[in-house]
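Listed below are the residues making up each chain.
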Amino acid sequence: MSDKSQSEQQKKPDVNVESAEEQVVDAADEVTTNADADEPTQLDTEQLQRQVTALANELQAERDKGLRIAAEAENVRRRAAQEVEKARNFALEKFAGELLAVIDNLERALQTIDVSDAAQNSIAEGIEMTHKGFLSTIEKFGMEAVNPEGQPFNPQLHEAMGMQESADVPANTVLYVMQKGYLLNGRLLRPAMVMVSRAAS
């Protein structure tokens, strides 16, 4: 073999080594390039996640606000309905209070009539019919009489005008009613004036 051939064979490995080194450098450059390309993507993902979290919090806050507004609207509606109901139930309270004097006078007239007098009996019948018709009319508007004779004394509905000893009924029992009381739609319009029993000494 000539010196020229040996020299060419010795140079070939050098070419292969250089080619391998270039490939390693190229691969390293590619990895670096890919890493640099991935870094902005990762940063974008974190930023998007923060935005999603912020939007979710904002959405929840708006939902809570909407629920509070709906609850407040329901409370306003309920209060308005209660006020309307109260106004309807008690709008006639003053007027009804004035009618009580008429009822009292009719009842007093019936008590003073002598039933043994035939002439007065016809008058009594007319007054009694008027009285019953009057009571029927006021009952249609939510008024009712409080006539607690024989019942236990109730300070919320009755006004004691005095006390009297009695062995026939338990203590604190209404012996008789001097003036009837009245309720308007369950609300006290006037207490009944009563005489209350007490234990015999």
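Structure: see above.
In short, a report on the structure. (Residues numbered from 1 in each chain as written. Predicted model: local features only at pLDDT ≥ 70, side-chain atom pairs only at ≥ 80, totals over all residues. Heavy atoms only, no water.)

### Let's talk about the pairing of strand β5 (residues 187-190)
Step number 1: Relative to β5, strand β4 (residues 181-184) runs antiparallel, the two sharing 3 bridges. Note on β5: the bridge partner recorded for Leu184 is Arg187.
Step number 2: What sits between β4 and β5 in their antiparallel hairpin is a turn of 2 residues, with Asn185 showing a positive phi close to 55°. (Pairing = 2+ DSSP bridges. Helix = DSSP H or I, 4+ residues; strand = E, 2+ residues; numbered from the N terminus.)

### Notes on the pattern of salt bridges
Step number 1: This structure, assessed with the given rule, holds 7 salt bridges.
Step number 2: A salt bridge links Arg190 to Asp104; its shortest N-O distance comes to 2.7 Å. One end of the pair, Arg190, is in strand β5; the other, Asp104, is in helix α2 (residues 93-112), and 86 residues separate them in sequence.
Step number 3: Given the relative accessible area of 14%, Arg190 is considered buried. (Salt bridge = Lys/Arg side-chain N within 4 Å of Asp/Glu carboxyl O. Buried < 20%, exposed > 50% of the residue type's maximum accessible area, 1.4 Å probe, protein only.)

### Here's the deal with the nonpolar core
Step number 1: Formed by Phe90, Ala96, Leu99, Leu100, Ile103, Leu135, Ile138, Met143, Tyr182 and Leu184, the largest nonpolar core amounts to 10 residues.
Step number 2: If you list the elements that add at least two residues to this core, you get α2, α3 (118-140) and β4.
Step number 3: Of the residues forming this core, the biggest block, 4 residues, is contributed by α2.
Step number 4: Sequence-distant contacts of Ala96, defined by excluding residues within four places in its chain, comprise Met143 and Leu189. (Core = buried A, V, L, I, M, F, W, Y, C linked by side-chain atoms within 4.5 Å. Contact = heavy atoms within 4.5 Å.)

### A few points about the sheet that holds β5
Step number 1: Strand order in this open sheet of 3 strands is β1-β4-β5, and the pairing throughout is antiparallel. Where the open sheet ends on each side, the last strands, each with one partner, are β1 (143-146) and β5. If you compare each strand with its neighbour and ignore which way they point, the axes differ by 35° on average.
Step number 2: Strands in contact with α2 are β1, β4 and β5; relative to β5, the strand with the most contacts, it is inclined by about 50°. (Axes fitted to C-alpha atoms, helices over the stretch in contact; angles between N-to-C directions.)

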